[in-house]
Amino acid sequence: MRVLGIETSCDETGIAVFDNNNGLMAHALHSQIAIHAEYGGVVPELASRDHIRKCLPLITQVLNDAGLKGTDIDGVAYTAGPGLIGALLVGTSIARSLAWSWQVPAIAVHHMEGHLLAPMLETEVPCFPFIALLVSGGHTLLVEVHEIGNYKILGESLDDAVGEAFDKTAKLLGLAYPGGPALAELALQGEPGRFKFPRPMTNRPGLDFSFSGLKTFAINTLTANDNNAQTRADIAYAFEDAVADTLAIKCKRALQQTRLKRLVIAGGVGANLKLRQKLSQLMGKLGGEIYYPRPAFCTDNGAMIAYAGYLRLQAGQSQSLNMNANARWSLESLPPLL
Ligand code: KG4
Ligand code: ZN
């Protein structure tokens, strides 16, 4: 079975073809960063319009790269939520229309299930069960995963998502949107130990997160010190260190609570090297295994949607001719595969 995947939930148009015999046959990504950068964040209406412009040309490009025609496609998978509703509707309507014209089934994919399954596109694939730490611009989730579609959310952010906290802190340090990777880069120049940021909500039981206080802590630290390049780098270092530590503490708790030994990291912030290092150290100490996608598949992409959609189509699931997109959609409400 050969599935075309379409991702348009936020500020990236991602297209891919996954095939059960050949694996990932082709994928392409168009980033809207240049469009949103001058506003310091994603402008939903501009995102929708750009998806409209880029989706079909990118689909043509990916089919050409894979040496395929539209009629070689056996199913179409699209991100139906969560995300920006206008952006989701672009991918949904294009996917549903192509599936209808090719007379093949279509499947609505949950964006966070896409992220969660992205490590399965690598050579080292995690076995079930595992704990997944999903860290993106919109979500921070600790999920107990027993099988595909059997997800129990153990913890989530009560305010800013991790990626959002990275982006907001980066902005106040004068870095361009999206600030996560730029902040990580700046942190490399930071002096360890000059500032110590709190590890929010780690001194009480539970697996929920709160990251908005770290941003306030960064503002206060910047105001109380000389605002120069070294201070900004030191703040970036302390912020990143605090975020990575906090996530590692909660992952350890989740693993101990569930007695599981495997950890999967995915989502945009999963590309962060400091976080990967801390979590690898943790799993080394606990004698467990850690899995993550290549950095390009941590951030939004069409490959994870094609793959998640393939699994569900293969299991006989598909969507009716109705077009459905959900800005909010719980991961826990997804059905199991069989
Ligand atoms: O998963 P993703 O591409 O989109 C959403 O589903 O939200 O995640 C994007 C987020 C942004 O907040 C971005 O700043 C952050 O991931 N990010 C990073 C890094 N790469 C991307 N944050 C920290 N370090 C990175 N290397
Ligand atoms: Zn995402």
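Note: the structure precedes this text.
Thresholds, definitions, all that
Residue positions are given per chain, counted from 1 along the sequence in the order it is written. Whichever chain is written first is A, and whichever ligand is written first is 1; the rest continue in order. Local features in this predicted model are restricted to residues whose pLDDT is 70 or higher, and side-chain atom pairs enter the listing and the counts only when it is 80 or higher, whereas totals over whole chains, interfaces and linings include all residues. Hydrogens and waters are ignored; side-chain quantities use all the structure's heavy atoms. For Na, K and Ca the donor cut-off is 3.2 Å; for every other metal, N, O and S atoms count as donors within 2.8 Å. Water does not enter the count, which can leave sites looking incomplete. Put simply, DSSP H or I for four residues or longer makes a helix, DSSP E for two residues or longer makes a strand, and each gets a number counted from the N terminus. Categorising residues by exposure relies on relative accessible area from a 1.4 Å probe, with only protein chains included: less than 20% of the type maximum marks a residue as buried, more than 50% marks it as exposed, and the intermediate range marks it as partly exposed. For this analysis, residues touch if any pair of their heavy atoms sits within 4.5 Å. We call two strands paired when DSSP finds no fewer than two bridges between them. The axes are straight lines fitted to the C-alpha atoms, using for helices just the contacting stretch, and the angles between their N-to-C directions are given from 0 to 180°. Nonpolar core, defined: a set of buried Ala, Val, Leu, Ile, Met, Phe, Trp, Tyr and Cys residues in which side-chain atoms within 4.5 Å join the residues together. A crossing counts as left-handed when the near helix is turned anticlockwise from the far one by less than a right angle, and as right-handed when that turn is clockwise. Each residue is assigned to one class: nonpolar for Ala, Val, Leu, Ile, Met, Phe, Trp, Tyr, Cys and Pro, charged for Asp, Glu, Lys and Arg, and polar for all the others, Gly among them.

Colleague: For this particular structure, what's the right way to read the coordination of the zinc ion (ligand 2)?
Modeller: Working reference: metal with six octahedral donors, ideal angles 90 or 180 degrees; metal with four tetrahedral donors, ideal angle 109.5 degrees. Coordination sphere of the zinc ion (ligand 2), protein contribution only: H111 (NE2), H115 (NE2) and D300 (OD), at 2.0 to 2.1 Å. In the primary sequence, the donor residues of the zinc ion (ligand 2) line up as H-x3-H-x184-D. Here H111 is found in helix α4 (residues 111–117), whereas its partner D300 is found in the loop between α10 (295–298) and α11 (303–314), with 189 residues between them in sequence. Both residues of the pair, H111 and D300, count as buried.

Colleague: Before we go on, may I ask you to explain the side chain of K274 in this structure?
Modeller: By the element assignment, K274 lies in helix α9 (residues 273–286). Every residue in contact with K274, bar those within four places of it in the chain, is listed here: Y237, E240, D241 and A244.

Colleague: What exactly am I supposed to notice about the pairing of strand β2 (residues 12–19) here?
Modeller: The side chains of a regular strand alternate, first on one face of the sheet and then on the other. Across the eight residues of β2, eight count as buried, placing the element largely inside the fold. Residues E12, G14, A16 and F18 point to one face of β2 and T13, I15, V17 and D19 to the other, with burial holding for every one of them. Strand direction decides the pairing type here: strand β1 (residues 2–7) and β2, joined by six bridges, are antiparallel. Each bridged residue has a counterpart across the sheet, and for I6 the counterpart in β2 is I15. The loop that links β1 with its antiparallel partner β2 comprises four residues. The pairing of β2 with strand β3 (residues 23–31) spans eight bridges and is classified as antiparallel. By the bridge assignment for β3, F18 is matched with L24.

Colleague: Before we go on, may I ask you to explain the sheet that holds strand β5 (residues 106–110) in this structure?
Modeller: Strands belonging to one sheet form pairs held by backbone hydrogen bonds; the direction of such a pair is parallel or antiparallel. Read across the open sheet, the five strands follow the order β3-β2-β1-β4-β5; overall the sheet is mixed. In this open sheet, the two edge strands, each paired with only one partner strand, are β3 and β5. In this sheet, neighbouring strand axes are inclined to one another by 20 degrees on average, regardless of whether the strands run parallel or antiparallel. Strand direction decides the pairing type here: β1 and strand β4 (residues 75–81), joined by four bridges, are parallel. From the neighbouring strand, V3 faces β4, where its bridge partner is G75. The strands touched by helix α3 (residues 85–102) are β1, β4 and β5; relative to β4, the strand with the most contacts, the crossing angle is about 160 degrees.

Colleague: Can you walk me through the nonpolar core in this structure?
Modeller: One recurring pattern in soluble globular proteins is that nonpolar side chains are buried together. Within the largest apolar cluster, 43 residues are counted, with the highest numbers of intra-cluster contacts made by L133, L142, F197, L247 and L279. Residue assignment for this core shows that the elements contributing at least two residues are β6 (130–135), α5 (162–172), α6 (179–187), α7 (212–224), α8 (229–258), β9 (262–266) and α9. Tallying contributions element by element places α8 first for this core, with 14 residues. Setting aside anything within four residues of it in sequence, one finds F197 in contact with L214, F217, A218, T221, I235, A238, F239 and A242. If you look at the next biggest cluster of nonpolar residues, it comprises 35 residues, including F18, M120, A303 and Y307.

Colleague: Is there a simple way to explain the packing of α5 against α6 in this structure?
Modeller: Packed helix pairs are characterised by how far apart their axes lie and by the angle those axes make with each other. Two elements in contact, α5 and α6, have axes separated by 8 Å at closest approach and are oriented at 65 degrees. α6 is crossed by α5, and the crossing has left-handed handedness. Across the interface between the two elements, F166, D167, T169 and A170 of α5 pack against G179, G180 and L183 of α6. Looking at the contact of α5 with α6, its residues break down into three nonpolar, three polar and one charged.

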